[in-house]
Amino acid sequence: MRDMKDLKNIIFKLCFVNFLFLLFMSAYRFIFFTHFGKGVDLRGFGFDILKAFFMGSRLDLSVIALINIPTALIFVVILILKKNTLFKSFFSFLKYYYCILIGLILTIFCVDFNFYSYFQDHINILVFGLFEDDTMALIQTFYQNYNLLLIGACIAFFFVTAFFASKFVLKFKEYNFKFPNIFVRIGVSLLTLAFTAIAIRGTFAMYPIGVYSDVSANMFINKTAINCFYTLQKAFEHREMERQDLDYVEKAGYKENIRQAFADFLEKNINEIPQNNPETSLIFKTQYNSQLEKLKPNVIFILMESFGSDLIKYNSPKFNVLGSLKKHFDEDIVFYNFTSEGRITIETIEALFLNIVFKPSTSMRIPQSKYVFREYPFASVAPYKKKGYNTSFIYGGSSGWRNIGTFASNLGFNKVLGEGRLKSSWSKGSWGIYDEYLFDAIFEDLISEGGSKFIFALTTSNHSPYTLPEGYKVMSLEIPESLKEKIYDMDEAGKRFATYQYANEMLARFIDRVKNSKYSDNTIIAVTGDHSFNLYQIDSLLDRVKIPFYLYVPKSIKPKNIDTSVFGSHLDIMPTLYNLSLSNESYISEGINLFSSKAKDNSIVYQEFIMDKSYAVEWKFLDNKASYYIWDKDYILRSSPKTDNHKRLEKHLLSMVAISDYLIKNTGE
């Protein structure tokens, strides 16, 4: 049976070399799990971990099967045509084919590893920010934060390994290959094509294996199972959706019925929503306040780069990440159950500038779209302009970044200052002037002539690459053991903790400066982060995305009943500031005043999640698919059947997204 032996030998070689590639992918998953799993509480999840690696192997096999489509087709053609001389050329071709394809896949894995270390997620649509952000600053960030020589060497190693593994296994001896009879050849051909198709689908079920298949109630274990090749594919799909300017009114289920979205959001009867201008149902008004009419307080809102709150719980004299800011946090108002709406700065800016819920990551970014050229009545600056305030947007970086200067100007800010319009003598890092100088610029704007001020400022110092200005002396940063065991990269952590401390110390000195000046009695200071930052493993989604919301309010107008345990997000900042600072002034917003009675039942939106104190819903707009969760006692998400409370949150999220899309596309000048 020489003919069957030769055929088995060919099939064995092809299977074995692909088995090696499958092992390479599994090795990456193991490295990913052990590196990023530091500090994750995995007790009781042993079986789920096995399921994650098994699911990951199925996804990996699916990728390998995809790249083997040409291999299978050529093999079948040679087999059916009975062309013995083609096998040697076929094996020679495969050495280079596998070298390129497997090398590229392993390179994507390398990119994914570094991407995850920064965003705590596999490759997604944010990867395109390399071409839309300040590209030179990003390149400098990569150069200073990552060992590019080592990464390059690893990538070269991937290609070389793929080549020599293929060459070693796919040796083809000079012998007279014997073909089996036509029936065997047809049978083997059909089995080859069938196995390839099944491996690509990853399942015998009706639908192919999904990249986001849940194997556990633990979110990190679910991320371990994912193959980043598929998340990259999803990123391209999201990108295409973004370019198409999708109709999120329709995707949220309100096509040709936008009034119902307003009714669902406001929990009203649809007959109460105006026919022609449903957006007027979102107009709210602050109470008349004679003291505010007289005081007309300045409002300074500062958006701090990467100002996550989880690190604050480790603050101590030895690990002094807060610096002098601790004093102000102790004296004033701080909401800790608070989140950003976006994962990156531009998403946050969009939500805060427009004063509406941040749309899904598959939607276009407004500052870089045709909608940037409109002035919207619901913009966060609008009520202050109507009240006669002088309004400023001050950014430590370039006002050309992501078209942010144009965005701010068109929304109605009287003054837009980027680093190009600030003092040239002020030193700067890769992304902009150091925070101490930005705070100087804010104070100069505060004391300038022109009546009451609304100042919106954005810092840059706590952004990688992490550098500090000359002369700043870092205070004690002895990392506690409970935190040290969770950190991925100790060198990177040291730099990041130092810049976090620096940014907080400069903020504290600015607050001191205002409090010790004549402006202390007529100036409100609000501070939050553009997003959290994670350099170490955090089990709870809520803890992972939380940012603090700090408020200094002069005693004469400070609310009496304050509950800082309520849930809140960026969406609630401007309504809270309006009610603190403006008398008898109308505004449009999807958020609430955190000092109102409604705040105790508030829900928060982060990306495609909506959460309250007991329940959470994730709505994937790309797939029109929802996942339902409950919080355990440590605020870790656990999968749950859909309940009436989930339905309520789901309706709230979908109606908000529909309203946001409608407002952007149908209002404004």
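Here goes a summary of the coordinates provided.

Taken as a whole and judged by the stated rule, the model has 23 salt bridges. Residue lysine 313 pairs with aspartate 310 through a salt bridge whose shortest N-O separation is 3.0 Å. The class for lysine 313 is exposed, based on a relative accessible area of 54%. Judged by its relative accessible area of 9%, aspartate 310 is buried. The salt bridge partner of lysine 665 is aspartate 661, with a shortest N-O separation of 3.2 Å. One end of the pair, lysine 665, and the other, aspartate 661, are both in helix α23 (residues 644–666), 4 residues apart, so they sit about a helical turn from each other. Via salt bridges that share partners, Glu331, Asp332 and Lys515 belong to a single interconnected network.

Here we come to the pairing of strand β15 (residues 625–631). Along any regular strand, the residues point their side chains to alternate faces of the sheet. Buried residues dominate β15, accounting for 5 of its 7 residues. Examined bridge by bridge, strand β14 (residues 615–620) and β15 share 6 bridges and lie antiparallel to one another. When the bridges of β15 are listed, tyrosine 615 appears paired with isoleucine 630. As consecutive antiparallel partners, β14 and β15 are separated by 4 residues, and within that stretch asparagine 624 has a phi angle of approximately 50°, a positive value. Sheet analysis places β15 next to strand β16 (residues 637–639), joined by 3 bridges and oriented antiparallel. Its bridge partner lying in β16, isoleucine 630 is registered against arginine 638. Following β15, the chain reverses through 5 residues before pairing antiparallel with β16; tyrosine 635 in that reversal takes a positive phi of roughly 55°.

The subject of this paragraph is the packing of helix α12 (residues 258–266) against α23. One can describe the packing of α12 onto α23 by two numbers: an axis separation of 8 Å at closest approach and a directional angle of 130°. Our classification of the angle between α12 and α23 gives oblique. The hand of the α12/α23 crossing is left-handed. Packed against α12, whose contacting residues are Ile258, Ala261, Phe262, Asp264 and Phe265, the element α23 presents Lys651, His652, Ser655, Met656, Ala658, Ile659 and Tyr662 at the interface. A per-class count over the contact of α12 with α23 returns 8 nonpolar, 2 polar and 2 charged.

What counts and what doesn't
Residues numbered from 1 in each chain as written. Predicted model: local features only at pLDDT ≥ 70, side-chain atom pairs only at ≥ 80, totals over all residues. Heavy atoms only, no water. Salt bridge = Lys/Arg side-chain N within 4 Å of Asp/Glu carboxyl O. Buried < 20%, exposed > 50% of the residue type's maximum accessible area, 1.4 Å probe, protein only. Helix = DSSP H or I, 4+ residues; strand = E, 2+ residues; numbered from the N terminus. Pairing = 2+ DSSP bridges. Axes fitted to C-alpha atoms, helices over the stretch in contact; angles between N-to-C directions. Parallel < 35°, antiparallel > 145°, perpendicular 65-115°, else oblique. Left-handed = near helix turned anticlockwise from the far one by under 90°. Contact = heavy atoms within 4.5 Å. Nonpolar A, V, L, I, M, F, W, Y, C, P; charged D, E, K, R; others polar.

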